[in-house]
Amino acid sequence: MDKLQKKEFYKKLIKLVIPMAFQQLMLALVGVSDAVMMVFLNQDALSAVSLATQVMFVFTLFEFAITSGVSIFAAQYWGIGDKDSIERILGIGLKATVLVSLPFTLGAMFVPEFMMKAFASDPALIEGGAVYLRYVALSYLFLAISQVYLTIMKNCEKAGMCAIISAVSVVINIVFNAFLIFGIGPFPEMGIAGAAVATVISKLVEMVWALIIMFMPDNVKIRMKYVLRNDKVLLKDFWKYTLPIFGNQLGWGLGFTMYSVIMGHMGSDAAAANSIANIVKNLAICVCTGVSIASSVMVGALLGQGKRDLAKAYGNLLLKIAIITGVIAGAVILCVIPFVSLFTGLTETAQGYLQVMLIVCSYYVIGKSINMTVVAGIFPAGGDSRFGCICDITTMWAVTVPIGLVAAFLLKLPVLWVYILINTDEIIKLPAVFWNFRRYKWLKNLTRTDGKLAEE
């Protein structure tokens, strides 16, 4: 790239990364809010809510796969200014995500105890988590609708507004957390249930606001004709590239959930420390996540325009930036270790676990940053969604999950040894990720004109 192209690259990157990183920071602060307020109740409440939110995590795996598919095509069709095709893709994504949300919503409403038994064996954790799930259930449906449209906004040069909507939703969540957990002012004291109701309120506001934005002039619209009757050609294209992302998300996500299951069955101290470590990790990688989202939008738009060489140059720069932001995130985690335990209210044993877990997180986030940007951002933007599926499933289910299960339940190794072993997945797959990146088979134009692929 020449100087002018690099200047344009950084201008686009900053325009996307700042609002997306801010959005991720605000979302991570919800986890901080929940943790801090649950600690004021008791450690079991913290552990119960942490484990219950794993149901939301599993749901978001499906949600992320669908919105990733929407993002792939929205970015490329936005690159050529084809608004009608974007609305068709939106219809496909909306129907899929609403259908996926229904079993989670109904399960959390009617059989929350059954769902909690997958994550914990302690009766107190199961009971507390079931209360949270029963109240939070409707938020899955609200999230299904809002996230699909917010994904469209990110890819249609409205990342700033998208971040504002998410940020306000987070502030509402945090404020109502305090009001409803502790019964401040006219609000009832609801404890764990209050945290769930606060989530429902915030997601309802987020959905309604996104729909209001949709009705403004010139914005992409949800058209029921495209929701009820999908374009067969686009539907085929959509699932061709989205199904591998489903496999990737389920393989990686269920494996990650197994980590929480393993830690949850190792006692309340391990579960609580793991919960806090995940919160710190999520706060530290906000900018890394912003770079990942930006990479998908930027590379996808260029490929839709047929600018393969420029997309390749963007990809190389984004990889370097992912490495830098990952190292910075790791350094931030190391710097905050002496201070985190001061604000958590954990037992002495849990605090000891937490300090070592954060050291592990400091190297984990470097690999995480690279893999988010390359595997979840650049590769799918150019149609290479299969690699992530194969790489993640192989790494987690052939290596780290079996090792974790054997270490915890057969060898009965100490908690920290188990934690170290199950947090090697992001590092193990790096050689394969770099190899696939350098093959440049992700440089594909997926758009169609008159029913024909641009590269046919």
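Remember, it's a predicted structure, so these values are computed and weren't measured experimentally.

1. Describing the overall build of the protein
Move 1: A count of helical and extended segments in the protein gives 18 helices and 2 strands.
Move 2: At 21 Å, the protein has a C-alpha radius of gyration in line with the 23 Å of a compact globule built from 456 residues.
Move 3: With the C-alpha coordinates of the protein rotated into their principal frame, the extents come out at 60 × 50 × 35 Å.
Move 4: Here the contacts in the protein between residues at least 6 apart in sequence split such that 83% fall between residues at least 24 apart.
Move 5: When the accessible surface of the protein is split by element, carbon and sulfur atoms take 69% of a total near 18600 Å².

2. Quick look at helix α13 (residues 308-340)
Move 1: Between its first and last C-alpha, α13 extends 45 Å over 33 residues, near the 48 Å set by a 1.5 Å rise per residue.
Move 2: The largest bend in α13 amounts to roughly 25 degrees and is located at Leu334, with the proline Pro338 lying one to four residues further along.

3. A closer look at a nonpolar patch on the surface
Move 1: Taken together, the side chains of Leu99, Leu102, Leu106, Phe110, Val111 and Phe114 make up a nonpolar region of the molecular surface, amounting to roughly 650 Å² of accessible area.
Move 2: Looking at Leu106, the relative accessible area reads 47%, which means it is partly exposed.

4. Focus: the environment of Phe142
Move 1: Note on placement: Phe142 falls in helix α6 (residues 138-155).
Move 2: By relative accessible area, Phe142 is classed as buried at 13%.
Move 3: The spatial distance from the C-alpha of Phe142 to the C-alpha of Met207 is 6.0 Å, given a sequence separation of 65 residues.
Move 4: Aside from chain neighbours lying at most four places away, what touches Phe142 is Val200, Lys203, Leu204 and Met207.

5. Brief notes about the side chain of Ser101
Move 1: By the secondary structure assignment, Ser101 is in helix α3 (residues 83-110).
Move 2: Within the local environment of Ser101, its side chain forms a polar contact with the backbone oxygen of Val98, the two atoms lying 2.7 Å apart.
Move 3: Setting aside residues up to four positions removed in sequence, Ser101 forms contacts with Phe59, Tyr140, Leu141 and Ala144.

6. Describing the pattern of salt bridges
Move 1: For the coordinates displayed, the defined rule picks out 7 salt bridges.
Move 2: Notably, a salt bridge pairs Glu87 with Arg223, separated by 2.7 Å at the nearest N-O pair. On the criterion of sequence distance, the pair formed by Glu87 in helix α3 and Arg223 in the loop between α8 (192-214) and α9 (224-228) is long-range, its members being 136 residues apart.
Move 3: A relative accessible area of 36% means that Arg223 is categorised as partly exposed.
Move 4: Of the charged contacts, one joins Arg134 and Glu113 as a salt bridge, the two residues approaching to 3.0 Å between their closest N and O atoms. Of this pair, Arg134 sits in helix α5 (residues 123-136) while Glu113 sits in helix α4 (residues 112-116), and the two are 21 residues apart along the sequence.

7. What to know about unusual backbone geometry
Move 1: Residue Glu157 is not a glycine yet carries a positive backbone phi of 65 degrees.
Move 2: Its place among the elements puts Glu157 in the loop between α6 and α7 (159-182).

8. Digging into the nonpolar core
Move 1: Ranked by internal contacts, the top residues of the largest apolar core, which has 139 residues, are Leu133, Tyr140 and Val299.
Move 2: The biggest single contributor to this core is helix α2 (residues 43-79), with 19 residues.
Move 3: Dropping the residues within four chain positions of it, Val299 is found in contact with Ala311, Tyr314, Leu318, Ile378, Ala381 and Trp442.

9. A word on the packing of helix α12 (residues 286-304) against α13
When two helices pack together, their arrangement is given by the angle between the helix axes and the distance between those axes.
Move 1: Between α12 and α13, the shortest axis-to-axis distance is 10 Å and the interhelical angle comes to 180 degrees. Between α12 and α13, the interaxial angle falls into the category roughly antiparallel. Taking contact as the criterion, the partners of Val287, Cys288, Val291, Ser295, Met298, Val299, Leu302 and Leu303 in α12 are, on α13, Arg308, Leu310, Ala311, Tyr314, Leu318, Ile321, Thr325, Gly326 and Ala329.
Move 2: Class assignment for the residues of the contact of α12 with α13 results in 13 nonpolar, 3 polar and 1 charged.

10. Some details on α6
Move 1: Between its first and last C-alpha, α6 extends 27 Å over 18 residues, near the 26 Å set by a 1.5 Å rise per residue.
Move 2: Along α6, 15 of the 18 residues are buried, which leaves the element largely enclosed by surrounding structure.
Move 3: Downstream of α6 by one or two residues, Glu157 has phi in the positive range, about 65 degrees.

11. Quick word on the packing of aromatic side chains
Move 1: Inspection of every chain in the model, using the stated rule, returns 17 aromatic pairs.
Move 2: Ring centres of Phe9 and Tyr10 lie 5.0 Å apart, and the angle between their planes is 80 degrees; on these two criteria the pair is classed as edge-to-face.
Move 3: Of the residues examined, Phe9 reaches a relative accessible area of 0% and is grouped as buried.
Move 4: One aromatic cluster is present, built from ring pairs that chain together Phe59, Phe62, Phe104, Tyr140, Phe238, Trp239 and Phe246.
Move 5: Seen from the ring of Tyr364, Lys281 lies directly overhead, with NZ or CZ sitting 4.4 Å from the centre.

12. Brief notes about the side chain of Ser85
Move 1: Within the element layout of this structure, Ser85 appears in helix α3.
Move 2: For Ser85, the side chain forms a polar contact with the side chain of Asp82, separated by 2.8 Å.
Move 3: Those residues in contact with Ser85, other than ones at most four positions away along the chain, are Tyr77 and Leu234.

13. Describing the confidence of the model for the protein
Move 1: Mean pLDDT over the protein works out to 88, with 96% of the residues at or above the 70 mark.
Move 2: At the low end of the mean pLDDT range in the protein sits strand β2 (residues 452-453), at 60; at the high end sits helix α18 (residues 430-439), at 95.

14. Some thoughts on the state of the cysteines
Move 1: Tallied over the full model, the rule gives 0 disulfides.
Move 2: Between Cys361, a cysteine without a disulfide, and Cys288, which holds the nearest cysteine sulfur, the sulfur-to-sulfur distance is 13 Å.
Move 3: What makes Cys361 buried here is its relative accessible area of 1%.
Move 4: Unpaired in terms of disulfides, Cys389 finds its nearest cysteine sulfur in Cys391, a separation of 10 Å.

What counts, and at which threshold
Residues numbered from 1 in each chain as written. Predicted model: local features only at pLDDT ≥ 70, side-chain atom pairs only at ≥ 80, totals over all residues. Heavy atoms only, no water. Helix = DSSP H or I, 4+ residues; strand = E, 2+ residues; numbered from the N terminus. Rg over C-alpha atoms; globule rule 2.2 N^0.38 Å. Contact = heavy atoms within 4.5 Å. Areas by Shrake-Rupley, 256 points an atom, 1.4 Å probe, with all protein chains shown as cover. Expected span 1.5 Å × (residues − 1). Bend = angle between axes of the 7 residues up to and from the residue. Patch = residues over 30% accessible without salt bridge, like charges linked within 9 Å, V, L, I, M, F, W, Y side chains within 5 Å. Salt bridge = Lys/Arg side-chain N within 4 Å of Asp/Glu carboxyl O. Buried < 20%, exposed > 50% of the residue type's maximum accessible area, 1.4 Å probe, protein only. Polar contact = N/O pair within 3.5 Å; in protein donor to acceptor, adjacent residues only side chain to side chain. Core = buried A, V, L, I, M, F, W, Y, C linked by side-chain atoms within 4.5 Å. Axes fitted to C-alpha atoms, helices over the stretch in contact; angles between N-to-C directions. Parallel < 35°, antiparallel > 145°, perpendicular 65-115°, else oblique. Nonpolar A, V, L, I, M, F, W, Y, C, P; charged D, E, K, R; others polar. Phe/Tyr/Trp six-rings, centres within 6.5 Å; stacked < 30°, edge-to-face > 60°. Lys NZ or Arg CZ within 6 Å of the ring centre and 35° of its normal. pLDDT = per-residue confidence, 0-100. Disulfide = S-S within 2.5 Å.

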